[in-house]
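Residues per chain, in single letters:
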Number of protein chains: 2
Amino acid sequence: MPTIKDVALAAGCSTATVSRALANPEKVTDATRKRVASAIAKVGYSPNLAARNLRRSESRTIVVLLPDIANPFFSEIIAGLEDVAHREGYRVLLGDCEHDTGRAKAYFDLLPTNQADGIILLTAEIPLSLVTQQARGSQIPLVMACEYFDHLALPTVRIDNPLAAARAIEYLSSLGHRRIATITGPMQNPICIDRVKGYQSEMARQQLAVNPGWIVEGDFGFLSGYQQGQLLLALPPEARPSAIFCHSDEMAIGLMKAARDASVRVPEDLSVIGFDNIGFSEYCQPELTTVSQPRDEIGRCAMRLLLDVLRKKQVPHQQVLNTQLIVRASTAQAPKL
Amino acid sequence: MPTIKDVALAAGCSTATVSRALANPEKVTDATRKRVASAIAKVGYSPNLAARNLRRSESRTIVVLLPDIANPFFSEIIAGLEDVAHREGYRVLLGDCEHDTGRAKAYFDLLPTNQADGIILLTAEIPLSLVTQQARGSQIPLVMACEYFDHLALPTVRIDNPLAAARAIEYLSSLGHRRIATITGPMQNPICIDRVKGYQSEMARQQLAVNPGWIVEGDFGFLSGYQQGQLLLALPPEARPSAIFCHSDEMAIGLMKAARDASVRVPEDLSVIGFDNIGFSEYCQPELTTVSQPRDEIGRCAMRLLLDVLRKKQVPHQQVLNTQLIVRASTAQAPKL
DNA sequence: AGAGTTTATGTAATGCATTACATTCAGTAA
DNA sequence: TTACTGAATGTAATGCATTACATAAACTCT
């Protein structure tokens, strides 16, 4: 592999000039710039990034930490993230923590050694100490998306979870549903707490009673939706919900399977709303009514925010994006009775 | 950030000794090793990898190139890959080429500059020139998984596609189906050609005629399954297939939606087989009969193979893993005429 | 005891790009 | 013409870990 020296030799100048021609083109003559350019082409040079990174103390690599690559919810966010990153000359290192604390720490450890310049957190399921510890010392470039930590004022991109939940409930209420349950995500996630709050406040606003048994916790996955669905559908008739709002599409789809197994018709007997609008939600039976998040835009915003932080721009701390209720076939007028 | 010098100072030895204590512990005394270890703990040292990489001309980073992160088929492969990589001290850089040639090239360019040590290709949708060009010069560490290139003898991990397809057809035939169609993936992929070959040869073996209109090309996605499904279901009754074998679960699910829309019952009127056994296939309606690939194991094998290549071990060129037909509810006895 | 090994450690060169500082030269003002 | 400014380029130090080579010390064998 040719080095900058070979280029300097071929261009008849010093390595410093070559370096400048590349990094600060305005600092060299037009003539030299051209000579350097053709020399680069001639010897087939491309800079050794390890050396550059060593010198500049940066890596142009952004770590994106997520709980589970397998979850299709994240894929579009990642696509958005990556697109912005590539445009700006950054690389994205995807870190799947698999709900495993050790992994997350390993990724955080990349920062002080300049193997990564910043972190985007798509999960709150990491030890808070990792974040606070870092934040205490020097301000590390850290941006959260989707999730957030309550007490920490980190730059964050997110949706208005209470509002999104409230809208879903409002819609169900408008269809005449009075017994509305919810299958939440893991309740250690602030966003799930928010959605439950939105659920509760809207239920109150609609003057609907909430049976404590109507709030059940899942883990966003198919199976938990199926299992919790079975529980809800097994409630005695007077307590059995006629509509269920799920914190993820996967759980909603699991729930619909539980309904089929229990011969409960969706949407005639049971209305179901999901969350996320994953590709699948259009292809399940019935097609799923769901709360859509601008996933691509969430990814783009998060990356832009992080790059702003890296460039020490003044950044707004919270960015809230809009959700949209997509009405499909899994919701209908509440059954009479 | 403390450097190796600080450690040397704290341990009362030279930087060379510290370096050796870390890289070749057997070359230093027990006593020194302990002194170094406690010095490292004391100053909170962790090596600057940019410097190490520069010196060693390696990056301990493996690029994994795939056509589309959003496709859940890859997620489990990636999980397997990553697990092996992490265990062996390597990092995984995921490269989504999004069917975009330029991106792939950018990732290949990481190799000569020591930003990546090797590449695992999960897609054949890249310009072949990238591969051959590299292969010509120096043997670059490149392993393929799932996909492969015909004429190139690259180390590859894959399944027996003709056999898997033949088994699916054999099963449909055993259910009495005589008019069996197939929705393929993009036909520039050798694996799709293989599956079609398996389909054709098994049809012949079962003495079943193949209507040329029964082989239609999709792109692995939901929508193409839906659209091609509509076409197949619109065939005149005597040419209309009673069973369809799809090259992906997504297409099979799209197809089932097309069937619903056309009031064709699955499996009573139409049997459907998918490919991949994605998580969703258990939750769709009806549950999907599908060909399962050992995705986790494919990922693990591919990474192990690549690491073997990096370590210059003699490696077997082709590794073929087994598939399994998972029978669920989307297939049934062929309808009586 | 003397010569030859072996083992442990230190010294200094190395990998490559960047950049502070030094130098050169052309151009401007007095 | 002299002194000075600014632009363009060169020289060399720098970032940090690794490792070839050198040295020192301990040990073996005759």
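Above this text is the structure in question.
Residues numbered from 1 in each chain as written. Chains lettered and ligands numbered in written order. Predicted model: local features only at pLDDT ≥ 70, side-chain atom pairs only at ≥ 80, totals over all residues. Heavy atoms only, no water.

Let us now look at the packing of helix H10 (residues 222–233) of chain A against helix H11 (residues 249–261) of chain A. Residue and element names in this part refer to chain A. Here H10 crosses H11 at 45 degrees, and the two axes come no closer than 7 Å. The angle between H10 and H11 places the two elements in the oblique class. The hand of the H10/H11 crossing is right-handed. Across from Phe222, Ser224, Gly225, Tyr226, Gly229, Gln230 and Leu233 in H10, the residues of H11 making contact are Glu250, Met251, Ile253, Gly254, Leu255, Lys257, Ala258, Ala259 and Asp261. (Axes fitted to C-alpha atoms, helices over the stretch in contact; angles between N-to-C directions. Helix = DSSP H or I, 4+ residues; strand = E, 2+ residues; numbered from the N terminus. Parallel < 35°, antiparallel > 145°, perpendicular 65-115°, else oblique. Left-handed = near helix turned anticlockwise from the far one by under 90°. Contact = heavy atoms within 4.5 Å.)

Strand pairing in a sheet is mediated by backbone hydrogen bonds. Such pairs are either parallel or antiparallel. Residues and elements named next belong to chain A. A sheet is described by the order of its strands in space; here 6 strands give the open sequence E2-E1-E3-E4-E5-E11, paired in parallel fashion. Lying at the two open borders of the sheet, with one neighbouring strand each, are strand E2 (91–96) and strand E11 (318–321). Strand-to-strand twist of the sheet, defined as the mean angle between neighbouring strand axes without regard to direction, takes the value 20 degrees. (Pairing = 2+ DSSP bridges.)

This next bit is on the sheet that holds strand E9 (residues 271–276) of chain A. Residue and element names in this part refer to chain A. Judged by pairing direction, the sheet is mixed, and its 6 strands sit side by side in the order E7-E6-E8-E9-E10-E12 without closing on themselves. At either end of the open sheet lies a strand with only one pairing partner, and these are strand E7 (215–217) and strand E12 (324–326). Direction aside, neighbouring strands of the sheet carry axes that sit 20 degrees apart on average. The sheet contact formed by strand E6 (residues 180–184) and E7 spans 3 bridges and is parallel. Bridge pairing links Ile183 to Val216 in E7.

Core analysis: the biggest nonpolar cluster contains 151 residues, and Ile120(A), Phe280(A), Ile120(B) and Phe280(B) have the highest contact counts within it. With residues up to four places along the chain from it excluded, the contact list for Phe280(B) reads Phe222(A), Ile253(A), Phe280(A), Cys284(A), Phe222(B) and Ile253(B). Of all hydrophobic cores here, the second largest spans 44 residues; its members include Val63(A), Ile126(A), Met144(A) and Leu142(B). (Core = buried A, V, L, I, M, F, W, Y, C linked by side-chain atoms within 4.5 Å. Buried < 20%, exposed > 50% of the residue type's maximum accessible area, 1.4 Å probe, protein only.)

A few words now on the pattern of salt bridges. Applying the stated criterion across every chain, the model contains 28 salt bridges over all chains. Between Glu287(B) and Lys257(A) there is a salt bridge, and its shortest N-O distance comes to 2.8 Å. Here the residue Glu287(B) occupies a position in the loop between strand E9 (271–276) and strand E10 (289–292), and Lys257(A) occupies one in helix H11, the pair thus bridging two chains. Classification of Glu287(B) by relative accessible area gives partly exposed; the value is 26%. A salt bridge links Arg311(B) to Glu88(B); the nearest nitrogen and oxygen atoms lie 3.0 Å apart. You can see Arg311(B) sitting in the loop between helix H12 (295–310) and strand E11 (318–321) and its partner Glu88(B) sitting in the loop between helix H5 (72–87) and strand E2 (91–96), a full 223 residues away along the chain. In this structure Arg311(B) comes out as partly exposed when scored by relative accessible area, which is 37%. Owing to a relative accessible area of 35%, Glu88(B) belongs among the partly exposed residues under this scheme. (Salt bridge = Lys/Arg side-chain N within 4 Å of Asp/Glu carboxyl O.)

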